[in-house]
Amino acid sequence: MSNQSLAYKRILLKLSGEALMGKGDYGIDPSVIGRIADEIKEVVSLGVQIGLVIGGGNIFRGEGLAASGIDRVTGDHMGMLATVLNALAMQDALEKKGVKARVMSALSIHQVCEDYIRRRALRHMEKGRVVMFAAGTGNPFFTTDSAASLRAIEIGADVVIKATKVDGVYSDDPEKNPDAERYESITYDEVLERKLMVMDATAIVLCRDHNMPLRIFSINNSGDLVRMVKGENIGTIVEN
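Residues numbered from 1 in each chain as written. Predicted model: local features only at pLDDT ≥ 70, side-chain atom pairs only at ≥ 80, totals over all residues. Heavy atoms only, no water.

Draft legend 1. Quick look at the side chain of N58. Inspection of the secondary structure puts N58 in the loop between β2 (49–54) and α2 (62–67). Reaching out from N58, the side chain makes a polar contact with the side chain of N86 at a distance of 2.7 Å. (Helix = DSSP H or I, 4+ residues; strand = E, 2+ residues; numbered from the N terminus. Polar contact = N/O pair within 3.5 Å; in protein donor to acceptor, adjacent residues only side chain to side chain.)

Right under this line is the structure:
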């Protein structure tokens, strides 16, 4: 397929750390990360440029650590380092499948990955490499959702695609309320007003103010990512 017929030519894919756990309650399930790498490989083969942000909740979550008594800034730094671990694991999974990948960290860890430099990230993507943006924004009190929105805007992505456990945005938690309504499209302001747990408010406002579309889909529906970049109406679109 020529990339002229693709709906998106450069995407920012946001994965939660929990998505990598599979059925476990901690860490990384190799079969899950392998399946996600297969889907990313297929998207790359279409000519789509991919930036990737992975959370760290499968290892450490700063807010949770703070609740257990650890200093919030220290907890957030631990959470950032957890995202580096996940990014390195994804880099390895992609390279095993023949996909060139780079990890760029907002914290300097020269022995294991590159520093995040916007122009270098763009160059990597133009060469067809998947770029993993690790360590959040490099600042405490900001989530990886905010990092995903920020990096998407910086690299000029066409869309932020957030992979979750559910197949879109619902009026209520569909696991608790079987009558919850799924939206095909919704505005950023509606998300904020209704306090729908799509992304945190900072990430939503960043996307809204920079006209960055956001798509929410289920990571568990194999093939949906590929169908989405080809233009199929998958999940929920959030835009102004």
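Draft legend 2. Looking closely at the pattern of salt bridges. Overall, the coordinates contain 14 salt bridges when judged by the stated rule. Notably, a salt bridge pairs K162 with D145, separated by 3.2 Å at the nearest N-O pair. Within this pair, whereas K162 is found in strand β6 (residues 159–164), its partner D145 is found in helix α5 (residues 144–155), the two being separated by 17 residues in sequence. Here R208 and D209 are joined by a salt bridge, their closest N and O atoms 3.0 Å apart. Overlapping salt bridges bring together K14, D145 and K162 as one network. (Salt bridge = Lys/Arg side-chain N within 4 Å of Asp/Glu carboxyl O.)

Draft legend 3. Structural view of the sheet that holds β6. Taken in spatial order, the nine strands of this open sheet run β4-β3-β5-β2-β1-β6-β10-β11-β9, and their pairing is mixed. Among the strands making up the open sheet, the edge pair consists of β4 (114–115) and β9 (185–187). One ladder, built from two bridges, connects β2 with strand β5 (residues 130–134); its direction is parallel. When the bridges of β5 are listed, L52 appears paired with M132. (Pairing = 2+ DSSP bridges.)

Draft legend 4. Molecular detail of unusual backbone geometry. Of note in the backbone geometry, A135 takes a positive phi value of approximately 70 degrees without being a glycine. Position of A135 among the secondary structure elements: in the loop between β5 and α5. Despite not being glycine, N211 has its phi angle at roughly 50 degrees, a positive value. Structurally, the position occupied by N211 is in the loop between α7 (201–209) and β10 (214–218).

Draft legend 5. Quick peek at the nonpolar core. Among the nonpolar cores identified, the biggest contains 43 residues, and I11, L15, I40, M90, L94 and M132 are the most heavily contacted of them. Among the secondary structure elements, those contributing two or more residues to this core are β1 (10–15), α1 (30–45), β2, α3 (72–96), β3 (101–105), β5, β6 and α8 (224–229). When near neighbours in sequence (up to four residues on either side) are disregarded, L15 contacts I36, L52, V53, I54, G55, M90, A163 and I219. Residues L12, V53, V131 and A203 belong to the second largest nonpolar core, which totals 29 residues. (Core = buried A, V, L, I, M, F, W, Y, C linked by side-chain atoms within 4.5 Å. Buried < 20%, exposed > 50% of the residue type's maximum accessible area, 1.4 Å probe, protein only. Contact = heavy atoms within 4.5 Å.)

Draft legend 6. Broad picture of the pairing of strand β11 (residues 236–239). Sheet analysis places β9 next to β11, joined by three bridges and oriented parallel. Paired with S185 across the two strands is I237, which belongs to β11. Sheet topology places β10 next to β11; three bridges connect them, and they run antiparallel. Bridge pairing links R215 to I237 in β11.

Draft legend 7. Highlighting the environment of I186. Position of I186 among the secondary structure elements: in strand β9. I186 gets classed as buried once you look at its relative accessible area, which sits at 4%. Sequence-wise, I186 and I237 are 51 residues apart; in three dimensions their C-alpha atoms are separated by 6.5 Å. Setting aside anything within four residues of it in sequence, one finds I186 in contact with V191, R194, L196, T236, I237, V238 and E239.

Draft legend 8. Structural view of the packing of α5 against α7. Between α5 and α7, whose axes approach to 7 Å, the crossing angle comes to 15 degrees. In terms of their interaxial angle, α5 and α7 are classed as roughly parallel. Along this stretch, α5 crosses α7, giving a crossing that reads as left-handed. In this structure, α5 uses D145, S146, S149, L150 and I153 to contact α7, whose residues at the interface are T202, A203, L206 and C207. Its residues placed into classes, the contact of α5 with α7 shows five nonpolar, three polar and one charged. (Axes fitted to C-alpha atoms, helices over the stretch in contact; angles between N-to-C directions. Parallel < 35°, antiparallel > 145°, perpendicular 65-115°, else oblique. Left-handed = near helix turned anticlockwise from the far one by under 90°. Nonpolar A, V, L, I, M, F, W, Y, C, P; charged D, E, K, R; others polar.)

Draft legend 9. Local environment of the side chain of S149. Mapped onto the fold, S149 is located in helix α5. Look at S149 and you get buried, because its relative accessible area is 0%. Look past the residues within four positions of S149 in its chain and what remains in contact with it is M199, A203, L206 and C207.

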